[in-house]
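This is what each chain is made of:
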Amino acid sequence: MRIIASLKTALAAFALVVTLAMVSPVSAQQSIQGVNPTAQAVKEQDLLRQLDAVSGRVSIPDQKSGLLIQPQGREWRQFHNTTMFWVGVVSVLGMVAALIAFYMVRGKIMIDGGFSGRTILRFNVFERFVHWLTAGCFIILALSGLNVTFGKSLLLPLIGHEAFTNVSVIAKYAHNFLAFPFMAGILFMLAVWVKDNIPDSVDVAWFKAGGGLVGHDHPPAKKFNGGQKLIFWSVVLGGIALSISGVLLLFPFFATTIWDMQIAQIVHGLVGVVLIAIMLAHAYIGSVGMEGAFDAMGSGEVDLNWAKEHHSLWVKEEESKKAAMPKGMVAAE
Amino acid sequence: MARVKFLCDADRCIECNACVTACKNENDVPWGINRRRVVTINDGKPGERSVSMACMHCTDAPCAAVCPVDCFLTTADGVVLHNKDLCIGCGYCFYACPFGAPQYPNFGSRGKMDKCTYCAGGPEADLTPAEYAKYGANRLAEGKLPICAEMCSTKSLLAGDGAIIAQIYKERVLKRGYGSGAWGWQTAYRETVAI
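Rules of the game
Residues numbered from 1 in each chain as written. Chains lettered and ligands numbered in written order. Predicted model: local features only at pLDDT ≥ 70, side-chain atom pairs only at ≥ 80, totals over all residues. Helix = DSSP H or I, 4+ residues; strand = E, 2+ residues; numbered from the N terminus. Buried ≥ 20, exposed ≤ 12 C-beta atoms within 10 Å, placed from the backbone. Contact = placed C-beta atoms within 7 Å. Rg over C-alpha atoms; globule rule 2.2 N^0.38 Å. Axes fitted to C-alpha atoms, helices over the stretch in contact; angles between N-to-C directions. Parallel < 35°, antiparallel > 145°, perpendicular 65-115°, else oblique. Nonpolar A, V, L, I, M, F, W, Y, C, P; charged D, E, K, R; others polar. pLDDT = per-residue confidence, 0-100. Expected span 1.5 Å × (residues − 1). Core = buried A, V, L, I, M, F, W, Y, C linked by C-beta atoms within 7 Å. Left-handed = near helix turned anticlockwise from the far one by under 90°. Pairing = 2+ DSSP bridges. Bend = angle between axes of the 7 residues up to and from the residue.

(A) Here's a closer look at the overall build of chain A. Along the backbone of chain A there are 12 helices and 4 strands. Going through the 333 residues of chain A one by one, you find that 23% of them count as buried. Contacts spanning at least 24 positions in sequence make up 69% of the contacts within chain A whose residues lie at least 6 apart.

Put into structure tokens, the structure is as follows:
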């Protein structure tokens, strides 16, 4: 009896549930149609407006891929293909044009008193080694670097895609490996020459007198004149900027986000082409631009007349140093 | 000529990753390279959306514009392919791509770039073993669409002629009454799907 009673209750309950189930779908459908699931959904344009990028969660180990859209890539493309290209063209070709114009107007800067035949040691073997280590690396780094921006327009049409890729691969390896001796050279240069490159009042006077470039004066200068100090600091500071940005580019995403990489590339490119322009001027004046200048880095011994005309205070210092150290000399009456 | 595109309907994507798995399998994608990935925005919060993203095969592709060795080519269908024999692995295409499509071997360190090819292979001759080894499957040469869209469990990822998939998406949005938009279309194709 009890079993039948509980069965009846169960049947009644079951019938009730079935009836309710048949009735409720209608009302459930009405509530589904009334809900808009996208009401709270984010829109792409809103996210871009708020954060300049759209990112979310990914389930793979490469967490960088969580960045869904970074429109900054378009701006970087604009910089690299247009801005960087034209800054490079203007600085490099502009400097070449300026040097040609200067040579036509001023000609080679000659030693007024002519060669004396006597020399004085200007740069010792370590100084010359450091200079040529850095300069040699810089030339290859500059050419391989310029290839990245300009190779596609200048070299590729001449030699075709396969040959250009081969050249670019070699250039890339050269660039990546020679970067390290270049960085070492910059540090050595800083160590060996920084004490002679601190700006002082002698340089102010040197610039005011035109530095020998404007006019034919020979304003006094110590071991390095004002112009050379500018070159030193451009190379050291520019070299450090190139080194830091370059190392970041060499180890992508090790410590950087995509935006840091874009900035690193911008810094590396801009500082690079400006430094190339400056080095063109430096190479000019140290070779064809001035008689007797190359000897300084060539053999290390410069003509005494040249030294007296261009670095008079340095010659006086060197001669007084020699006079103060009478090694093996008999004191004359 | 058809101009093919991808459209991921973020309101239908359930983050099942079938597209990711299908792509990996069909193209024999090496370990560590993710041609396609699913990104979940606002995970766990109201309005959570998932989007499947690979290469969008952009109009005026920024990757092609910045490549120093000019290794990209856009086919007549609008597919952006690249030549791995010419690639020098410099990484510039990754800096320029708004979607993070270029991938590099050895878990993102250095080497020749790999990316979604719209299942259209590469510059090698169609349907050769050499093409498969370098670029993966060439379904387009067989008259098929990319495997990711074919395998999508909810048909949220659409691939095919841009006009047709835009039309499908538009009809869906009108019928169901909502749509959070064709993600990435403004950036990739400079157009939106007007509802």
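What follows picks up the thread again.
(B) Expanded view of the overall build of chain B. For chain B, the helix and strand inventory stands at 8 helices and 6 strands. Taking 2.2 N^0.38 as the reference for a compact globule, 195 residues should give roughly 16 Å; the C-alpha atoms of chain B span a radius of gyration of 16 Å, in line with that estimate. Seen through its C-alpha atoms, chain B measures out along the principal axes to roughly 50 × 40 × 30 Å.

(C) Layout of the packing of helix H3 (residues 72-106) of chain A against helix H9 (residues 258-286) of chain A. All names here are of chain A. Direction vectors running N to C along H3 and H9 enclose 5°, while the axes themselves pass 9 Å from each other. In terms of axis orientation, H3 runs roughly parallel to H9. Seen from H3, the contacting residues are Gln 72, Trp 76, Phe 79, Met 84, Val 87, Gly 88, Ser 91, Val 92, Met 95, Val 96 and Leu 99; seen from H9, they are Trp 259, Gln 262, Ile 266, Gly 269, Leu 270, Val 273, Val 274, Ile 276, Ala 277, Leu 280, Ala 281 and Tyr 284. Grouping the constituent residues of the contact of H3 with H9 by class yields 18 nonpolar, 5 polar and no charged.

(D) How the structure looks around the confidence of the model for chain A. Residue-level pLDDT values for chain A average 88, and 85% of them are 70 or greater. Predicted confidence in chain A is weakest over helix H1 (residues 2-34) of chain A, with a mean pLDDT of 54, and strongest over helix H6 (residues 161-193) of chain A, with 97.

(E) Here's a closer look at H9 of chain A. Across its 29 residues, H9 of chain A extends 41 Å between first and last C-alpha, which sits within 8% of the 42 Å expected from 1.5 Å per residue. Of all the residues in H9 of chain A, the buried ones are Ile 258, Met 261, Gln 262, Ala 264, Gln 265, His 268, Gly 269, Gly 272, Val 273, Leu 275, Ile 276 and Ala 277 of chain A. Packed against the buried residues of H9 of chain A are strand S2 (67-69), H3, helix H4 (125-154) and helix H8 (226-250) of chain A together with helix H3 (92-96) of chain B.

(F) Here's a closer look at the environment of Met 56 of chain B. Residues and elements named next belong to chain B. Mapped onto the elements, Met 56 comes out in the loop between strand S3 (49-53) and helix H2 (62-66). Owing to 25 C-beta atoms within 10 Å, Met 56 belongs among the buried residues under this scheme. The spacing of Met 56 and Ala 188 is 132 residues in sequence and 6.4 Å in space, taken between C-alpha atoms. Residues within four places of Met 56 in sequence aside, it is in contact with Phe 6, Phe 99, Gly 184 and Ala 188.

(G) View of the interface of chain A and chain B. Across the contact, 44 residues belong to chain A and 39 residues belong to chain B. Elements with a minimum of two residues in the side of chain A that touches chain B: S2, H3, H4, H6 and H9 of chain A. Each residue belonging to the side of chain A that touches chain B can be placed in one class, and the counts come to 19 nonpolar, 16 polar and 9 charged.

(H) Structural detail: the nonpolar core. Membership of the largest hydrophobic core comes to 72 residues, with the highest contact counts inside it found for Leu 7, Cys 8, Val 51, Cys 93, Ala 96 and Leu 157 of chain B. A total of 5 residues in this core trace back to one element, the largest contributor, which is H3 of chain B. What Leu 157 of chain B contacts, discounting residues up to four positions off in sequence, is Phe 6, Cys 8, Cys 19, Ser 52, Cys 148, Ala 149 and Cys 152 of chain B. Within the second largest apolar cluster, 10 residues are counted, among which are Trp 206, Ala 296, Val 302 and Ala 307 of chain A.

(I) How the structure looks around the packing of H8 of chain A against H9 of chain A. Residue and element names in this part refer to chain A. Two elements in contact, H8 and H9, have axes whose closest approach is 9 Å; the angle formed by their N-to-C orientations is 150°. One element, H8, and the other, H9, form an angle in the roughly antiparallel class. Crossing of H8 against H9: the hand is left-handed. Where H8 approaches H9, its residues Ile 231, Ser 234, Gly 238, Ala 241, Leu 242, Ser 245, Gly 246, Leu 248 and Leu 249 are matched on the opposing element by Asp 260, Ala 264, Gln 265, Val 267, His 268, Val 271, Gly 272, Leu 275, Ile 278 and His 282. Its residues assigned to classes, the contact of H8 with H9 shows 10 nonpolar, 8 polar and 1 charged.

(J) Spatial organisation of unusual backbone geometry. Residue and element names in this part refer to chain B. In this model, Glu 15 sits at a positive phi of 60°, which is unusual for a non-glycine residue. Structurally, Glu 15 is set in the loop between strand S1 (4-8) and helix H1 (18-27). A positive phi angle, close to 50°, is found at Cys 119, a residue other than glycine. Here Cys 119 shows up in the loop between helix H4 (105-108) and helix H5 (129-135). Overall, the presence of 26 C-beta atoms within 10 Å leaves Cys 119 in the buried class.

(K) Structural context of the pairing of strand S2 (residues 37-41) of chain B. All names here are of chain B. Along S2, 4 of the 5 residues are buried, which leaves the element largely enclosed by surrounding structure. Pairing analysis gives 5 bridges linking S2 to S3, with the strands arranged antiparallel. Bridge pairing in S3 links Val 39 to Val 51.

(L) Representation of H4 of chain A in the model. All names here are of chain A. Its axis deflected by about 60° at Val 148, H4 carries its strongest bend there. Buried within H4 are the following residues: Val 130, Thr 134, Cys 137, Phe 138, Leu 141, Ser 144, Gly 145, Asn 147, Val 148, Thr 149 and Gly 151. Among the structural elements, H3, helix H5 (156-159), H6 and H9 are those in contact with the buried residues of H4.

(M) Quick look at the environment of Gly 292 of chain A. All names here are of chain A. Tracing the backbone through its elements, the reader meets Gly 292 in the loop between H9 and helix H10 (295-298). Residue classification places Gly 292 among the partly exposed positions, given that 19 C-beta atoms sit within 10 Å. With sequence-adjacent residues up to four places away left out, Gly 292 is seen in contact with Ile 111, Val 302, Asp 303 and Trp 306.

(N) Just the confidence of the model for chain B, in detail. Confidence in the prediction for chain B averages 93 pLDDT; 99% of positions are at 70 or higher. For this predicted complex, the interface score ipTM comes out at 0.91, alongside a pTM of 0.87.

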